[in-house]
Amino acid sequence: MSGRVCGGGDALSVALSLPVSRLEICHANATDRTPLLPNGSEHPRSFGERVRAVVSPENGPTWAHSVRFFFLGTWFNVFLVFVPLSFIAHHLNWDAGLRFLFSFLAILPLAKACWERRPTNAELGDTLAGLLNASFGNAVEIIVGVAALLQGELRIVQTSMLGSILSNLLLVLGCSFLAGGLKFQESNFQVTAAQTSSSLMTLSVITLVIPAAYHASKANESEPFNGGKLTSLAPPNPDDRSLSGLLTISRGTAIILLLMYIAYLYFQLKSHASLFEAEASEDDESHGPEMNAVSAGVALLAVTVITSFCADYLVASIEETAERYSIPKPFIGLILIPIVANAAEHVTSIWMAMKNKMELTIGICVGSSIQIATFVVPLLVIVGWITGHELTLFFANFETIVLFVSVLLVNLLVQDGKSNYMEGLMLVSLYIVIALAFWVS
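The rules behind each value
- Residues numbered from 1 in each chain as written.
- Predicted model: local features only at pLDDT ≥ 70, side-chain atom pairs only at ≥ 80, totals over all residues.
- Heavy atoms only, no water.
- Helix = DSSP H or I, 4+ residues; strand = E, 2+ residues; numbered from the N terminus.
- Buried < 20%, exposed > 50% of the residue type's maximum accessible area, 1.4 Å probe, protein only.
- Contact = heavy atoms within 4.5 Å.
- Areas by Shrake-Rupley, 256 points an atom, 1.4 Å probe, with all protein chains shown as cover.
- Patch = residues over 30% accessible without salt bridge, like charges linked within 9 Å, V, L, I, M, F, W, Y side chains within 5 Å.
- Salt bridge = Lys/Arg side-chain N within 4 Å of Asp/Glu carboxyl O.
- 1 Å grid on protein atoms, 1.4 Å probe; cavity = no way out; pocket = protein on both sides within 12 Å on 5 of 7 lines; lining within 4 Å.
- Points joined across faces, edges and corners; volume = space filled by probe spheres on them.
- Nonpolar A, V, L, I, M, F, W, Y, C, P; charged D, E, K, R; others polar.
- Phe/Tyr/Trp six-rings, centres within 6.5 Å; stacked < 30°, edge-to-face > 60°.
- Disulfide = S-S within 2.5 Å.
- Expected span 1.5 Å × (residues − 1).
- Bend = angle between axes of the 7 residues up to and from the residue.
- Axes fitted to C-alpha atoms, helices over the stretch in contact; angles between N-to-C directions.
- Parallel < 35°, antiparallel > 145°, perpendicular 65-115°, else oblique.
- Left-handed = near helix turned anticlockwise from the far one by under 90°.
- pLDDT = per-residue confidence, 0-100.

Draft legend 1. Representation of the overall build of the chain. The helix and strand tally for the chain stands at 18 helices and 2 strands. The burial tally for the chain puts 45% of its 441 residues in the buried class. Contacts in the chain between residues at least 24 apart in sequence constitute 79% of all its contacts with a sequence separation of at least 6. Surface accessibility of the chain: about 22400 Å² in total, with carbon and sulfur atoms responsible for 64%.

Draft legend 2. Fine view of a nonpolar patch on the surface. A cluster of nonpolar residues, Val209, Ile401, Phe404, Val405, Leu408 and Leu412, forms a patch on the protein surface that exposes about 510 Å² of accessible area. Sort the elements by how many residues they give to the nonpolar patch and helix H17 (residues 397-414) lands first, with 5 residues. By secondary structure assignment, the location of leucine 408 is in helix H17. On the basis of relative accessible area, leucine 408 is assigned to the partly exposed category, the value being 43%.

Draft legend 3. Spotlight on empty space enclosed by the protein. Using the criterion set out here, one finds 5 cavities of 30 Å³ or more in the structure. Taken as a whole, the largest cavity spans an internal volume of roughly 90 Å³. What lines the largest cavity is a set of 14 residues, and nearest its centre among them are Ile165, Ser204, Leu208, Ala373 and Val377. Looking at the lining of the largest cavity, the elements that each hand over two or more residues are helix H10 (154-183), helix H11 (191-222) and helix H16 (358-387). In terms of residues, the lining of the largest cavity owes the most to one element, H11, which gives 5 residues. Here the lining of the largest cavity is composed, by residue class, of 12 nonpolar, 2 polar and no charged.

Draft legend 4. Structural detail: the packing of aromatic side chains. Applying the stated criterion to the full structure yields 12 aromatic pairs. Between phenylalanine 100 and phenylalanine 104, the ring centres sit 5.9 Å apart and the planes meet at 25 degrees, which makes this aromatic pair stacked. Of this pair, phenylalanine 100 and phenylalanine 104 both sit in helix H6 (residues 96-116), 4 residues apart, which is roughly one turn of that helix. Residues phenylalanine 100 and phenylalanine 104 agree in their burial class; the two are buried. Note on tyrosine 261 and tyrosine 264: the rings are 6.4 Å apart at their centroids and 35 degrees apart in plane angle, and the pair reads as tilted. Of this pair, tyrosine 261 and tyrosine 264 both sit in helix H12 (residues 243-271), separated by 3 residues, roughly a single helical turn. Each residue in the set Phe79, Phe82, Trp94 and Phe102 is aromatic and connected to the rest through ring pairs, giving one cluster.

Draft legend 5. Structural detail: the state of the cysteines. In this structure the tally under the stated criterion is 0 disulfides. Counting only cysteine sulfurs, cysteine 175 is the nearest neighbor of cysteine 365, a cysteine outside any disulfide, at a range of 9.3 Å.

Draft legend 6. Representation of the pattern of salt bridges. All told, the structure shown has 6 salt bridges when counted by the stated rule. For glutamate 320, the salt bridge goes to arginine 324, with nearest N and O atoms at 3.2 Å. Here the residue glutamate 320 and the residue arginine 324 both occupy positions in helix H13 (residues 293-325), the gap between them amounting to 4 residues, near one helical turn. Note on arginine 324: relative accessible area 47%, which makes it partly exposed. Here the salt bridges share partners, and the residues they tie into one network are Asp95, Arg99, Glu320 and Arg324.

Draft legend 7. Quick peek at H16. When the terminal C-alpha atoms of H16 are compared, their 41 Å separation across 30 residues agrees well with the 44 Å that a helix rising 1.5 Å per residue should span. A maximum bend of about 35 degrees is found in H16 at isoleucine 372. Along H16, 22 of the 30 residues are buried, which leaves the element largely enclosed by surrounding structure. Looking at the residues trailing H16, positive phi occurs at glycine 388, about 85 degrees.

Draft legend 8. Main features of unusual backbone geometry. Its identity is not glycine, yet asparagine 93 carries a phi of approximately 55 degrees, on the positive side. Structurally, asparagine 93 is set in the loop between helix H5 (82-91) and H6. Among the residues examined, asparagine 93 registers a relative accessible area of 57% and is labelled exposed. Here serine 326, not a glycine, exhibits a phi torsion of approximately 55 degrees, which is positive. In this structure, serine 326 sits in the loop between H13 and helix H14 (329-341). Classification of serine 326 as exposed rests on a relative accessible area of 58%.

Draft legend 9. Region of the structure containing the packing of helix H9 (residues 139-150) against H10. Here H9 crosses H10 at 160 degrees, and the two axes come no closer than 8 Å. The angle between the axes of H9 and H10 places the two elements in the roughly antiparallel class. The crossing of H9 and H10 is left-handed. Across the interface between the two elements, Glu141, Gly145, Ala148 and Leu149 of H9 pack against Leu154, Ile156, Val157, Met161 and Ser164 of H10.

Draft legend 10. Representation of H9 within the structure. Compared with the 16 Å implied by 1.5 Å per residue over 12 residues, the 16 Å span of H9 between its first and last C-alpha is a close match. For H9, a buried count of 10 out of 12 residues is recorded, marking the element as mostly surrounded by other parts of the structure. Along H9, the residues classified as buried are Ala139, Val140, Glu141, Ile142, Ile143, Val144, Gly145, Ala147, Ala148 and Leu149. After H9 finishes, the residue glycine 152 shows a positive phi value of roughly 80 degrees.

Draft legend 11. The arrangement of the confidence of the model for the chain in detail. The share of residues in the chain with pLDDT of 70 or more is 72%, and the mean pLDDT across the chain is 76. No element of the chain has a lower mean pLDDT than helix H2 (residues 20-23), at 45, and none a higher one than helix H18 (residues 421-439), at 93. Across residues 11-16 the pLDDT falls below 50, and counting only partners more than four positions away or on other chains, this stretch makes 6 contacts in the model. Within the model, pLDDT remains below 50 along residues 280-286, and this stretch shows 5 contacts once partners closer than five positions in the same chain are excluded.

Structure, rendered in structure tokens:
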């Protein structure tokens, strides 16, 4: 018989009656008072001890380190000074331009904090992290959209959502291709994953074209001879005869898009996860988390609440700011708000492109656009349905065409799985042309 037995004579007599496999459990430094089954003598930790272990982790960052990192971890936090200024300007009814500017700048560090405190796959697992990223990755867009929706600013809701999609697809992806192309002659990425993502974006665009076509057909039925004038250049009025049908189409489509997004999450995170995985590098594992789990959760909750107030103040000042300073409201919703809401994602995407990690860049830019088109916009339509606000998926004809050609250009550029600075210039140029068009709209 082979095996090592610990303890004295009593232990030996017990051990001889055990099978050989049980003898392997004996530890080298055991004594004659060491039980053969040590787990049976351990007492489970009390609830208070488990809570203290979570609140004050032994191995993770302390609360003092977490708080210091939250406020001093990046130079972006300099803009936190505009958070109290936004509250003061709103409640003291300062000039509309100041209220808009302070709220605009206050959302910058809050958006970055929402992005950095999002859950990761390593912390929660792929599926749960993917579902939570859908909410927190675009938390600012959801908050601004709900705030505008509850105030009845349906055009701001539509233009801000459309602007977020265009900003990610054209401005951010274009700047990323440009930055990566200036450092590397050519960058490669996974073709199948990029084409799948862009195809889903194409589907979401088609769901916007159908309501526009339906409204145009109803308008032509009511005015078959309109002297050659264009119809349906703006969303329908409450008295429009096509509104009832548009609401039915939009709400049904919103439910289908949400189901499609759930299927896409399963496709991306489970069944075909290998297509979306980026190669790990030493830089990714060189440092651990800067905040413990509880402090990051508390910070994320606090940032979300503060962002909701700042977004509410921002939306409340848009109308007066647009009239006083002659800034078109579509330009504010389509260009300005998306830039500040997606500022952190912009920086991260460009930084990843400069490291030649184009899978991550595509995931941030195209993935965020998919979240907005198939999750955030349908969610806002359903929220409007519940709260009695008649938000539809019918955008103005010009906006629908702009989105269609933007997605078409992105599809053409990503289909070969390669990128360079020239493709980046194309995307940025189209974004500037669109911004110019909405400035004079």
